[in-house]
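Summary of structural features
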Amino acid sequence: MSNFAFSSLSDVLNMDGHGVYVWAVFSLFLITISTSFYIFNLLIKKYQKRVK
Amino acid sequence: MKLLLPYTNEALKLIKKTRAWIGPILIFILIMVAFPLTVELSSTNLSDAFYPVLFISILLVMMLATEDIFLEDYEDGSLELLLISKKSLTQWVFIKIFIHWLFIGAPISLLGAFFNIGANNDLNSSLMLLPALGISTYIFLILFCFGNSLSLTKGSVLGTLITLPLTLPILVILGKLTSAIIFNINYFEFLILLFGILSIIIFAFPAIISRIIKTHLE
Amino acid sequence: MLREILIIVIKKFIHQFASPKTYFYQVDRLYPWLLYISLFIYLFAIIWGLLFTPKDFVQGHSYRIIYFHVPASFVAQSLYAAMAISSAVFLIWRVKLAAYLARSIAPIGAMVTFIALVSGSIWGIPTWGTWWEWDARITSTLILFIMYLGLISLHNSFNNFDKADKLLAYLAIIGFIQIPIIKKSVDWWSSLHQPASITISDKPSIDPSMLYPLFMSMIGFAGLVACLVILSSKVQIYIREKNKSWVKDHV
């Protein structure tokens, strides 16, 4: 494990101007993966009801 | 003579369906004639744009030619008759594709090479283009037949969507072949690559297509 | 004699394990473990990769997108391979469960390929100066995405599940030609895309301090996607086997 790569919190967000891209990809993954989990759980509940 | 009988039968069937084979050829001629009109006449870049337009129009025309290649036989029951009569469905598919190539693919390759003389003023490049066009029309025909056999009763939109990803690698090779023809380097490498692809799928795909058709008939 | 007994045992094992009922109960037991462990690994790897690895000499901080992009594109191709294998199993041995799995992988594969494409585009802006290039790797990943869409729409256009399963299996196996093309495209054509950072045969071309979190993020992401596949296959089983008594008992 290496050391913390940034000196401050604003540095973490900014990342020398590349922060926009990195955090955009981060939020893309967060949103898509969590929504797909949500959708599939919803679908399972829907079909469980249909089986009943 | 007996060996040739299924070929002549299929050919007669196709000739009777005039729309199915003259239509694509006419559309190809239309594109080839109309495309120089849309480019400014004084422009010298006509030859640069010629190859992409040629390949894309071949792709489209092959798509049109195979649109309902199995549909009619499926609807009038001759496919089921074939299955019952224990004749080889694979052979039938192979013959059908070959006849379609003979009546649509081969004339279009000749016409494409002919129009190339008009666009580039160069007989040599036309002679180089001709075998490549012949092989690539056959490959496109087989691939679209595959897509259309999967979506037999569901229309050509689905078939195109299925076939599109399979045809893109061929288009990439054709793009590389264009520069090979223009600069006259590595031409035979790409031609042999195309021929290798054709020699695999020419026998493999009819077998797969016949299995797919059997699945449809079950 | 011995051989026949062995064949019977194997057949019995396949039939027992490949029955949707056994699969369902086993997967139900496995699911929470898999979910929490892979979520933990993934988050750990992401935090390590985003905050604790050193800055790249050439690409600056934007290289940190590697911890999202590489696992996604790796999993996108592996999912297709899994789909083709289960399609082959379905066609050869007529195992129904394999057909359910192939169908349930398709939408998730499309989703993963989509985020791999988008994250690659975003990564391209600071690194190459363009968000899209018609280069071999990118184009063939787009082809993979279209392939997944074609598979889904092919299956959805038939009401007869058995027919749809078979057609999907044929298409999935034929489309498997794409995978080696995607894998090797960077080596075959000179392109903008950098060569693979990790290969089985050679030493990895990136520093170990960046490599370990990358490996962990790949494992974690694969685990999360496996959880999604489990959920999706459960949906398929509910759709196909809604009249079976064990499903009703389970619910």
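Structural data are supplied above this passage.
Residues numbered from 1 in each chain as written. Chains lettered and ligands numbered in written order. Predicted model: local features only at pLDDT ≥ 70, side-chain atom pairs only at ≥ 80, totals over all residues.

Attention now moves to the overall build of chain C. Check the secondary structure of chain C and you find nine helices and zero strands. Moving toward the C terminus, one meets the helices and strands of chain C in the order α-α-α-α-α-α-α-α-α. Principal axes of the C-alpha set define a box for chain C whose edges measure 60 × 40 × 35 Å. Classification of the 251 residues of chain C by burial places 43% in the buried group. Counted over contacts in chain C with a minimum sequence separation of 6, partners at least 24 positions apart contribute 79%. (Helix = DSSP H or I, 4+ residues; strand = E, 2+ residues; numbered from the N terminus. Buried ≥ 20, exposed ≤ 12 C-beta atoms within 10 Å, placed from the backbone. Contact = placed C-beta atoms within 7 Å.)

A few words on the overall build of chain A. Check the secondary structure of chain A and you find two helices and zero strands. Computed over C-alpha atoms, the radius of gyration of chain A comes to 19 Å, more than 25% over the 10 Å expected from 2.2 N^0.38 for 52 residues, which places it beyond the range of a compact globule. Overall, chain A is about 55 × 25 × 15 Å in size when its C-alpha atoms are taken along their principal axes. With 52 residues in all, chain A has 17% of them scored as buried. (Rg over C-alpha atoms; globule rule 2.2 N^0.38 Å.)

We now examine the interface of chain C and chain B. On the side of chain B, 13 residues touch chain C, which itself brings 17 residues to the contact. Counting only elements with at least two residues in the side of chain C that touches chain B, the list comes to α5 (136-156), α6 (161-175) and α7 (178-188) of chain C. Looking at the side of chain C that touches chain B residue by residue, the class counts come to 10 nonpolar, five polar and two charged. (Nonpolar A, V, L, I, M, F, W, Y, C, P; charged D, E, K, R; others polar.)

For the rest of this paragraph, the subject is the interface of chain C and chain A. With 32 residues of chain C at the interface, the matching set in chain A holds 29 residues. Elements that contribute at least two residues to the side of chain C that touches chain A include exactly α2 (20-52), α4 (96-128), α8 (208-240) and α9 (245-250) of chain C. The element best represented in the side of chain C that touches chain A is α8(C), accounting for nine residues. Counted by class, the side of chain C that touches chain A contains 20 nonpolar, seven polar and five charged residues.

So, about the packing of helix α1 (residues 5-16) of chain B against helix α6 (residues 89-120) of chain B. Residues and elements named next belong to chain B. α6 packs onto α1 with a crossing angle of 55 degrees between their chain directions and a minimal axis gap of 9 Å. In terms of orientation, α1 and α6 fall into the oblique class. The way α1 lies across α6 gives a crossing that is right-handed. The residues of α6 that touch α1, namely those facing Pro 6, Tyr 7, Glu 10, Ala 11 and Leu 14, are Ile 95, Lys 96, Ile 99, His 100 and Phe 103. For the contact of α1 with α6, the class distribution of residues is seven nonpolar, one polar and two charged. (Axes fitted to C-alpha atoms, helices over the stretch in contact; angles between N-to-C directions. Parallel < 35°, antiparallel > 145°, perpendicular 65-115°, else oblique. Left-handed = near helix turned anticlockwise from the far one by under 90°.)

For Asn184(B), which is not glycine, the phi dihedral falls at a positive 60 degrees. In this structure, Asn184(B) sits in the loop between α8 (156-183) and α9 (187-217). Unlike most non-glycine residues, Arg94(C) shows phi in positive territory, near 55 degrees. Relative to the helices and strands, Arg94(C) is located in the loop between α3 (66-93) and α4.

Compared with the 21 Å implied by 1.5 Å per residue over 15 residues, the 21 Å span of α6(C) between its first and last C-alpha is a close match. Within α6(C) the residues assigned to the buried category are Asp165(C), Lys166(C), Leu167(C), Leu168(C), Ala169(C), Tyr170(C), Leu171(C), Ala172(C), Ile174(C) and Gly175(C). (Expected span 1.5 Å × (residues − 1).)

A separate point is the environment of Thr113(C). Residue and element names in this part refer to chain C. One can find Thr 113 in helix α4. Thr 113 gets classed as buried once you count the C-beta atoms within 10 Å, which come to 26. On a C-alpha basis, the gap between Thr 113 and Glu 133 in space is 17 Å, while along the polypeptide they are 20 residues apart.

All right, on to the packing of α5(C) against α6(C) then. All names here are of chain C. Between α5 and α6, whose axes approach to 9 Å, the crossing angle comes to 165 degrees. Classified by the interaxial angle, the pair formed by α5 and α6 is roughly antiparallel. Viewed along their axes, α5 and α6 form a crossing whose handedness is right-handed. Along the contact surface, α5 presents Met 147, Leu 151, Leu 154 and His 155, while α6 presents Ala 164, Leu 167, Leu 168, Leu 171, Ala 172 and Gly 175. Here the contact of α5 with α6 is built from residues that sort into eight nonpolar, two polar and no charged.

Residue and element names in this part refer to chain C. For Glu 133, the location among the structural elements is in the loop between α4 and α5. Take Glu 133: there are 16 C-beta atoms within 10 Å of it, and that puts it in the partly exposed class. Measuring from C-alpha to C-alpha, the distance between Glu 133 and Ser 121 comes to 9.0 Å, with 12 residues separating the pair along the chain.

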